[in-house]
Amino acid sequence: MARVSNNMSTETKSAAPKNITSYLQEHRVFKPSKEFSAQAHVKSFAHYKKLWNESVKHPERFWGRTAKQELVWFKPFGKVLQWREPFAKWFVGGKLNVSANCLDRWLGTPTANKAALIWEGEPATDGKPGEERVLTYRQLHREVCRFANVLKRNGIRKGDRVIIYLPMVPEAAIAMLACTRIGAVHSVIFGGFSAQSVADRIQDSGAKMVITADGGYRRGAVVPLKKNVDDALLIKDANGHSLTKTIEKVVVLRRCGNEVHIAEGRDVWWHRELEYVDANCPAEKMDSEANLFILYTSGSTGKPKGILHTTAGYLLGAKLTSKYVFDLRDDDVYWCTADVGWVTGHSYIVYGPLANGATALMYEGAPNWPEPDRFWRIIEKYGVTILYTAPTAIRAFMKWGDQWPKKHNLASLRLLGTVGEPINPEAWMWYHRVIGGGRCPIVDTWWQTETGSIMITPLPGATPTKPGTATLPFFGIHPEVVDDQGNAVPKGSGGKLVVRQPWPSMLRGLWGDPQRYKEVYWSEVKGSYFTGDGCRQDEDGYFWIVGRIDDVLNVAGHRIGTSEVESALVSHPSVAEAAVVGRPDELKGQALVCFVTLKTGQHATPELKVELRNHVGKEIGPVAKPDDVRFAEMLPKTRSGKIMRRLLKQIASGVEIKGDTTTLEDFSVLAKLASDE
Ligand code: PRX
């Protein structure tokens, strides 16, 4: 077996791409088995190549044909693509509805009585098993129609923005689909975000409604979601103006039964509202380019970016990739373990699987609650055939030990997937061997909130895989690795990953900020979409992602902007200045290390470290809590006052300081920082 060294290094934006080096050497190749290929949608590598070549040579022909085949239209589209860089319009003039494509189209077919969602609740603290619920397509359709009428009853109209801040319960999918049914634009906020984050997103989106729950279960505790919303609605800016004045209604789902405050006239209970409505709600005829949802994600500077997706193109991307990448068959039980608060949950729990008439499983709780065999227990119980999860989870499973999966019969699994960050070959091999029993292909899928759907991925019946690479582009996608001038670099060299031509599920912009959209994605490399990732192509043309090249960290699969954490830190009264960098972490991929200088008179104590961690948790959410807070008298700066993050990264990783330090203003700072543990 080949020796594998996994030493990935990325550099800051200004230094990229010449310093992006990937030392990953991986020679193992896994071909799809004959049995798998025989029943797959795409049965051979040659067939994939043929289809891909055609799709990028004649993208409009390819996308026009698939959009007609895959989606149900109220009114056919005319032009396939109108491209005025960087603004795309796909399937111009067409009319359709996302919830009708996910639900109504299956009524009157055998799929109507098939399970659309299988939901498993978190086990109770007293050891009782979690609740289970199954919603057939017919039942889900009914619930979505009823809740869509609740939205209308509470003043929501086409184009209005609705915040969804719910735990992982079927009502999260119901609320999303209900919005799409009436043409409202949803913005789902991950349940782990804080009141401040909720307020910021309400303010930016100008939402009229929040849909939340009294609480959500997490490892036996109740997360007070409604209380967080109440707090968010009280937050004011520096001038004393409310951040959330656009909110008119809050719909509250009863989940945990914990006590909540109900503001008369503003807050209504989900179950009470259902008493007033029927299940008759025709789907709105929406324009192909009607706004579908906004999802906030971290950028390298400033506040979170509201990634905007629109109707037809997004749905086509989610549907087509679900079908081919997960090779969906009618009898599959498909499980994506992401939270609906992230794009993976949008595309691969809700829209992609349902548009294909698949059965999707949804689990409310954590993988190690009450014991680390939770996932394997669920797979055995429901006969899950496809599992899609994150490398950070796989590394945690490895750490917890083989005994947990070994307790369960995982023979139903036929395909495995990963997403969110590069998977290290060791984790890939473990996943393959211990979870997949050596028989399941692994699809390592590279994509982003911005791309809407999977971009680089193996097709499981066609593409030979190698541990650690997302392999080759999906149909209609044309990625390339380029240098600073935008020229393709030779195979084997590192560079920036770009996408050369528009694709239907691409973001249409940043909510309310077209200028930032242009700057972030379309100005770095002329004429191409810039992903922010560093990459290398091997001799077979396989893409090896080496991580972000901007100041965005990938912590346990969550994108976190260092500048957001920095501004949370300096909002603490003791902090003068803060710089946040990443250091490699075995479990989480990257860990957050914060260098903090204090205001005069403040003391660097262990208690303050804890307080600052909690403060960031409160400001942004537990996902952004720093792993390490280090106090410093000064931060290393250039003569022009720029913090030298490159040096801080090296200090945080405990490596010897290399590279140019001649611009450093005060050399003594480095020695002091390195000695502070
Ligand atoms: O750096 C890449 C990494 O995650 C980033 C996108 O994060 P987000 O928008 O939160 O979406 C995550 C789920 C799609 C990318 O820019 N990333 C995602 N998938 C992979 C990956 N890095 C390597 N391999 C992957 N399969």
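Residues numbered from 1 in each chain as written. Predicted model: local features only at pLDDT ≥ 70, side-chain atom pairs only at ≥ 80, totals over all residues. Heavy atoms only, no water.

The next subject is the overall build of the protein. When helices and strands are tallied, the protein shows 20 helices and 32 strands. In terms of principal-axis extent, the alpha carbons of the protein reach across some 75 × 65 × 55 Å. Evaluated residue by residue, the protein yields a buried proportion of 61% over its 677 residues. A sequence separation of at least 24 residues applies to 71% of the contacts in the protein between residues at least 6 apart. Accessible area of the protein: about 26,000 Å², with a carbon and sulfur share of 51%. On the protein, the mean spot of the 87 positive side-chain charges and the mean spot of the 75 negative ones are 5 Å from each other. (Helix = DSSP H or I, 4+ residues; strand = E, 2+ residues; numbered from the N terminus. Buried < 20%, exposed > 50% of the residue type's maximum accessible area, 1.4 Å probe, protein only. Contact = heavy atoms within 4.5 Å. Areas by Shrake-Rupley, 256 points an atom, 1.4 Å probe, with all protein chains shown as cover. Lys, Arg positive; Asp, Glu negative; His and termini not counted. Charge placed at Lys NZ, Arg CZ, Asp CG, Glu CD.)

A few words on the pattern of salt bridges. Counted by the stated rule, this structure contains 44 salt bridges. Close ionic contact of Arg146 with Glu143 constitutes a salt bridge, the shortest N to O distance being 3.3 Å. Here Arg146 and its partner Glu143 are both found in helix α5 (residues 137-153), 3 residues apart, which amounts to about one turn of the helix. With relative accessibility at 18%, the residue Arg146 sits in the buried group. A salt bridge links Lys208 to Asp160, with the shortest nitrogen-to-oxygen separation between them at 3.0 Å. Here the residue Lys208 occupies a position in the loop between α7 (195-205) and β10 (209-213), and Asp160 occupies one in the loop between α5 and β8 (161-165), the gap between them amounting to 48 residues. (Salt bridge = Lys/Arg side-chain N within 4 Å of Asp/Glu carboxyl O.)

With antiparallel pairing, 4 strands are arranged side by side in an open sheet as β23-β24-β26-β27. Edge positions in the open sheet fall to β23 (479-482) and β27 (543-548), since each of these has one partner strand only. In this sheet, adjacent strand axes meet at a mean angle of 45° when their direction is disregarded. Relative to strand β26 (residues 529-537), strand β24 (residues 494-499) is paired through 5 bridges, and the arrangement is antiparallel. Looking at β26, one finds that Lys496 is bridged to Gly534. (Pairing = 2+ DSSP bridges. Axes fitted to C-alpha atoms, helices over the stretch in contact; angles between N-to-C directions.)

It is worth spelling out the sheet that holds strand β18 (residues 333-336) at this point. The strand order across the open sheet formed by 7 strands is β7-β6-β19-β18-β20-β21-β22, and the pairing between neighbours is mixed. Edge positions in the sheet fall to β7 (132-136) and β22 (442-445), since each has one partner strand and no second. When strand polarity is set aside, the average angle formed by the axes of neighbouring strands in this sheet is 20°. Relative to strand β19 (residues 359-363), β18 runs parallel, the two being bridged by 3 bridges. Within β19, the residue paired with Val333 across the bridge is Thr359. Along the sheet, helix α11 (residues 343-355) contacts β6 (115-120), β18, β19, β20 (386-389) and β21 (415-419); its crossing angle with β18, the most-contacted strand, is approximately 160°. Sheet strands in contact with helix α15 (residues 425-435) are β20, β21 and β22, and its direction is about 155° off that of β21.

Right, let's get into the site of the ligand. Taken together, 16 residues sit near the ligand, with Asp444, Thr445, Thr449, Asp533 and Arg559 positioned nearest. A distance of 2.7 Å is found between a nitrogen atom of the ligand and a backbone nitrogen or oxygen belonging to Thr445. Across the complex, the protein chains shield 95% of the 550 Å² of accessible surface that the ligand would expose by itself. Of all elements in the fold, only β22 and β27 reach the threshold of two or more residues within the shell around the ligand. For the shell around the ligand, the class distribution of residues is 5 nonpolar, 6 polar and 5 charged. (Near = heavy atom within 4 Å. Polar contact = N/O pair within 3.5 Å; in protein donor to acceptor, adjacent residues only side chain to side chain. Nonpolar A, V, L, I, M, F, W, Y, C, P; charged D, E, K, R; others polar.)

When two helices pack together, you describe them by how their axes are tilted relative to each other and by the distance separating the axes. Where α5 contacts helix α6 (residues 170-182), the axes come no closer than 8 Å and their chain directions differ by 65°. Judged by the angle between their axes, α5 and α6 are roughly perpendicular. Here α5 runs over α6; the crossing is right-handed. Across the interface between the two elements, Leu140, His141, Glu143, Val144, Cys145, Phe147, Ala148, Leu151 and Lys152 from α5 touch Ile174, Ala175, Leu177, Ala178, Cys179, Arg181 and Ile182 from α6. Here the contact of α5 with α6 is composed, by residue class, of 12 nonpolar, 1 polar and 3 charged. (Parallel < 35°, antiparallel > 145°, perpendicular 65-115°, else oblique. Left-handed = near helix turned anticlockwise from the far one by under 90°.)

A separate point is the side chain of Lys496. Within the secondary structure, Lys496 sits in strand β24. Here the side chain of Lys496 touches Asp484 through a polar contact of 3.0 Å, side chain to side chain. Side chain to side chain, Lys496 and Glu524 meet in a polar contact 2.8 Å long.

Attention shifts here to the domain arrangement of the protein. Domain annotation of the protein identifies domain 1 (133-305) and domain 2 (553-675). Distance between the C-alpha centres of domain 1 and domain 2: 34 Å. In this complex, domain 1 contributes 14 residues to the contact, which on the side of domain 2 involves 12 residues. When domain 1 packs against domain 2, close to 910 Å² is buried across both sides, 42% of that on carbon and sulfur atoms. The interface formed by domain 1 and domain 2 contains 0 salt bridges. A breakdown of the residues in the side of domain 1 that touches domain 2 according to their chemical character gives 3 nonpolar, 10 polar and 1 charged. (Domains from an automatic or database assignment. Buried area = accessible area lost by both parts, 1.4 Å probe.)

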